[in-house]
Amino acid sequence: MSKKTERRRRESVTRETIERKENFKYQLILEGIAVGLLAGVVVGLFRFALQKAEDIRNLYVDAASKSVLLAICGIGILICLTLIVIFCLGREPLCSGSGIPQVKGEMRGQINANWLQVIIAKFLGGVAAIGGGLALGREGPSIQLGAMVGKGFSRLNNRLRTEEKMLMSCGAGAGLAAAFGAPLAGVVFVLEEIHKNFSKEVLLSTMAASICADCVSSYMFGLSPVFHFSEISQMPLARYWMVALLGIVLGCFGVFYNRTIAFMQNLYGKLKPVWLKALVPFAMVIGLAVFYPTMLGSGHHLVGETGAGVFTLETLLIILVIKFVFSGFSFGTGAPGGIFLPLLVLGSLAGGLFTEVLSPVFGFEEQYISFFVILGMAGYFSAIVRAPITGIILISEMTGSLSNLLALAMVSLVAYMTAELLKGEPIYDQLLNRMLEGGVRKKPRGTNKVLIESEVYLGCRVEGLSLSEVHLPEGCLIVSVVRDEKEIVPRGSTRLEAGDRLIVLCNEAFAATLEDQLDAMCKTITYENRNENGILL
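Residues numbered from 1 in each chain as written. Predicted model: local features only at pLDDT ≥ 70, side-chain atom pairs only at ≥ 80, totals over all residues. Heavy atoms only, no water.

What follows is about the overall build of the protein chain. A count of helical and extended segments in the protein chain gives 19 helices and four strands. The C-alpha radius of gyration of the protein chain comes to 24 Å, within 12% of the 24 Å expected for a compact globule of 537 residues. In terms of principal-axis extent, the alpha carbons of the protein chain reach across some 75 × 60 × 45 Å. Buried residues in the protein chain amount to 56% of all 537 residues. Long-range contacts, defined as pairs at least 24 residues apart, comprise 82% of the intrachain contacts of the protein chain with a sequence gap of at least 6. For the protein chain, the exposed surface amounts to about 22900 Å²; the carbon and sulfur share of it is 63%. Placing the 48 positive and 45 negative side-chain charges of the protein chain at their respective mean positions leaves the two points 8 Å apart. (Helix = DSSP H or I, 4+ residues; strand = E, 2+ residues; numbered from the N terminus. Rg over C-alpha atoms; globule rule 2.2 N^0.38 Å. Buried < 20%, exposed > 50% of the residue type's maximum accessible area, 1.4 Å probe, protein only. Contact = heavy atoms within 4.5 Å. Areas by Shrake-Rupley, 256 points an atom, 1.4 Å probe, with all protein chains shown as cover. Lys, Arg positive; Asp, Glu negative; His and termini not counted. Charge placed at Lys NZ, Arg CZ, Asp CG, Glu CD.)

Position of arginine 501 among the secondary structure elements: in strand E4 (residues 501-507). Arginine 501 gets classed as buried once you look at its relative accessible area, which sits at 16%. Engagement of the side chain of arginine 501 in a polar contact is seen with the side chain of glutamate 453, the distance being 3.1 Å. Non-local contacts of arginine 501, meaning those with residues more than four positions away in its chain, are made with Glu201, Glu453, Ser454, Glu455, Ser480, Val481 and Val482. (Polar contact = N/O pair within 3.5 Å; in protein donor to acceptor, adjacent residues only side chain to side chain.)

For the rest of this paragraph, the subject is helix H17 (residues 405-421). Taking 1.5 Å per residue as the helical rise, H17 with its 17 residues ought to reach 24 Å, and the 24 Å between its terminal C-alpha atoms agrees with that figure. Taken residue by residue, H17 has Ala407, Leu408, Val411, Ser412, Ala415, Thr418 and Ala419 as its buried positions. Seen along its axis, H17 keeps its buried residues to an arc of 135°; they face one direction. With respect to the buried face of H17, the exposed residues turned more than 90 degrees away are Leu406, Leu413 and Leu421. Buried residues in H17 make contact with helix H10 (241-269), helix H15 (369-385) and helix H16 (388-399). (Expected span 1.5 Å × (residues − 1). Arc of directions from axis to C-beta.)

On to unusual backbone geometry, then. Backbone geometry places asparagine 158, a non-glycine residue, at a positive phi of 55°. Of note, asparagine 158 is situated in the loop between helix H6 (139-156) and helix H7 (161-180). On the accessibility criterion, asparagine 158 (68% relative accessible area) is exposed. Positive phi, close to 65°, is recorded for arginine 386, a residue that is not glycine.

Enumeration according to the criterion identifies 14 aromatic pairs in this entry. What links up through ring pairs into an aromatic cluster is the set Phe180, Phe189, Phe340, Phe381 and Tyr428. Sitting over the ring of phenylalanine 221, arginine 47 keeps its end group 4.3 Å from the ring centre. (Phe/Tyr/Trp six-rings, centres within 6.5 Å; stacked < 30°, edge-to-face > 60°. Lys NZ or Arg CZ within 6 Å of the ring centre and 35° of its normal.)

What follows is about the environment of proline 101. As for its position among the elements, proline 101 is in helix H4 (residues 100-107). Measuring from C-alpha to C-alpha, the distance between proline 101 and leucine 432 comes to 4.8 Å, with 331 residues separating the pair along the chain. In this structure, proline 101 is in contact with Tyr428, Leu431, Leu432 and Met435, ignoring residues within four places of it in sequence.

All told, the structure shown has twelve salt bridges when counted by the stated rule. Residues arginine 108 and glutamate 515 are paired through a salt bridge, measuring 3.6 Å at the closest nitrogen-oxygen approach. Taken together, the residues arginine 108 in the loop between H4 and helix H5 (115-131) and glutamate 515 in helix H19 (residues 511-522) connect sequence positions 407 residues apart. Note on accessibility: arginine 108 and glutamate 515 belong to one class, buried. Here glutamate 497 makes a salt bridge to arginine 483, at a shortest N to O gap of 3.6 Å. Taken as a pair, glutamate 497 in the loop between strand E3 (486-488) and E4 and arginine 483 in strand E2 (residues 477-483) lie far apart in primary sequence, 14 residues in all. Arginine 483 sits in the buried class, given a relative accessible area of 19%. (Salt bridge = Lys/Arg side-chain N within 4 Å of Asp/Glu carboxyl O.)

Turning to the pairing of E2, a few remarks are in order. On a regular strand, one side chain projects to one face of the sheet and the next to the other, so that they alternate. For E2, the buried fraction is high: five of the seven residues fall into the buried class. As judged from the five bridges shared by E2 and E4, these two strands associate in the antiparallel manner. By the bridge assignment for E4, leucine 477 is matched with leucine 505. Taken together, the three bridges between E2 and E3 define a ladder with antiparallel strand orientation. Paired with valine 481 across the two strands is isoleucine 488, which belongs to E3. (Pairing = 2+ DSSP bridges.)

The subject of this paragraph is the pairing of strand E1 (residues 449-455). The element E1 is largely enclosed, with a buried count of six among its seven residues. Of the strand pairs in this sheet, E1 and E4 are connected by seven bridges, and their pairing is antiparallel. Its bridge partner being in E4, lysine 449 is matched across the sheet by asparagine 507.

The next point concerns the sheet that holds E3. The strand order across the open sheet formed by four strands is E1-E4-E2-E3, and the pairing between neighbours is antiparallel. Of all strands in the sheet, those with a lone pairing partner are E1 and E3, marking the two edges. Geometrically, the sheet is characterised by an average inter-axis angle of 25° between neighbouring strands, direction not taken into account. (Axes fitted to C-alpha atoms, helices over the stretch in contact; angles between N-to-C directions.)

So, about the packing of H10 against H15. At their nearest, the axes of H10 and H15 sit 8 Å apart, and the two run at 45° to each other. The angle between the axes of H10 and H15 places the two elements in the oblique class. Relative to H15, H10 is oriented so that their crossing is right-handed. Here H10 contributes Met242, Val243, Leu246, Leu250, Gly251, Phe253, Gly254, Tyr257 and Asn258 to the contact with H15, which in turn contributes Phe371, Phe372, Leu375, Gly376, Gly379, Tyr380, Ala383 and Ile384. A per-class count over the contact of H10 with H15 returns twelve nonpolar, five polar and no charged. (Parallel < 35°, antiparallel > 145°, perpendicular 65-115°, else oblique. Left-handed = near helix turned anticlockwise from the far one by under 90°. Nonpolar A, V, L, I, M, F, W, Y, C, P; charged D, E, K, R; others polar.)

We now examine H7. Between its first and last C-alpha, H7 extends 29 Å over 20 residues, near the 28 Å set by a 1.5 Å rise per residue. In terms of burial, H7 is a largely internal element, 20 of the 20 residues being buried. Glycine 181 lies just past H7 and shows a positive phi near 65°.

Our next topic: the packing of H10 against helix H13 (residues 313-332). Here H10 crosses H13 at 45°, and the two axes come no closer than 8 Å. The orientation of H10 with respect to H13, classified from their angle, is oblique. In this structure, the crossing between H10 and H13 has a hand that is right-handed. Taking contact as the criterion, the partners of Phe253, Phe256, Tyr257, Thr260, Ile261, Met264, Gln265 and Tyr268 in H10 are, on H13, Leu320, Phe324, Ser327, Gly328, Phe329, Phe331 and Gly332. Among the residues making up the contact of H10 with H13, the classes are represented as ten nonpolar, five polar and no charged.

Listed below in structure tokens is the structure:
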């Protein structure tokens, strides 16, 4: 192909990308509905398979405790499940772990997964790992499954790469909605964690997808919330200092958890051969099945039991330590499975333990234990994931109660700030960086064109500058400036104002670099002196 022909082809792709961006707002909502329904079915089947696998596991563990022959057969079953996990990881490395870092990598143009292989490997590997008793959750795999459904929908319908990313966002939000019956959390998670930016197109299409996925999930599993609390007593405002104290504790605990996960991954990285990594946590499953079977799996039942005040102080401490260690060993292997649900369980245990320790000291009733259990989940999530709004909405939807928003907001904010002050890295950024450094990377082709959006924040470096003074990486072009919902044709003399939305065209291979630079220029508030026109001096 001649250089002239190649240049014309690229110009054609560029024009098509821009024209498609201008006209697909409402079509994207319809496509989001389709992706939401498909993702709801896939994630619903995944959730159903996990539910049945866990029921069978619990029945088998109970029966095996009374029969040596069944116990021996159980070990054989665990070996088979281990082999399934090893096979899935070997066949498709991008099915490992939570799946959320992979989705973030896809959105940044750093990873390009085979959507069908990931769906099959994640589904089978997730059922084998979580159903086999590892302390992993369904939410991360559900988000990745949903995102891959969105990618598959895009590829089968020959959509452009920019639209494909939107559809993957729809699928990711739909996956979380179907996993937990939390459609609003699915939308906010995509905006706050995946995009880290507000976009009307993403909001509307992801909302449509999440609602549809939740409808499918509700049809399969009912409308009851994931966590059931018979009664949640409201803490008097005079004691809200305890909410702030809990936030500090959870912030420190969250940073410790993230560093523990990094330590466990480093530890597993030294194990050779690879199959030995999966063998370690499954061996722990055997020990727990014999001595403490309630510790197997994600442990979501422990949340309700803790909130009901079933456990004593000593029992809570023992359960917290076991679940923390088992969670680290389970996730460190890279087995398909998430950390959302396990960390919510750990947060609930921390909240319950906080209540049991302080109630006799400060003389308040233990009837508030369910209150602190709920706060523990939200605060711990905020400290680890660093997505406080998602945590507040997620816990509200999962508990079916909006009566604790003030306390949830306070504990989430304090936990977030504590983790930030301790320089803890958000878990999914930490996992993505490790994944890319470890060579698990499939770069997209550099000829694909994508549109990157970035809002100009008040007080950022480019506020007040003209476009001619904004220096972007080579090959990147600002094609539109949106101000007050009106599009401005960009010129070199166009001066940027706070609230403007930039739309930049670039090769997909440079998307991650461009996003980092836009974050530094447009979303980082500076405190240098400015002149009367608002330009940095």
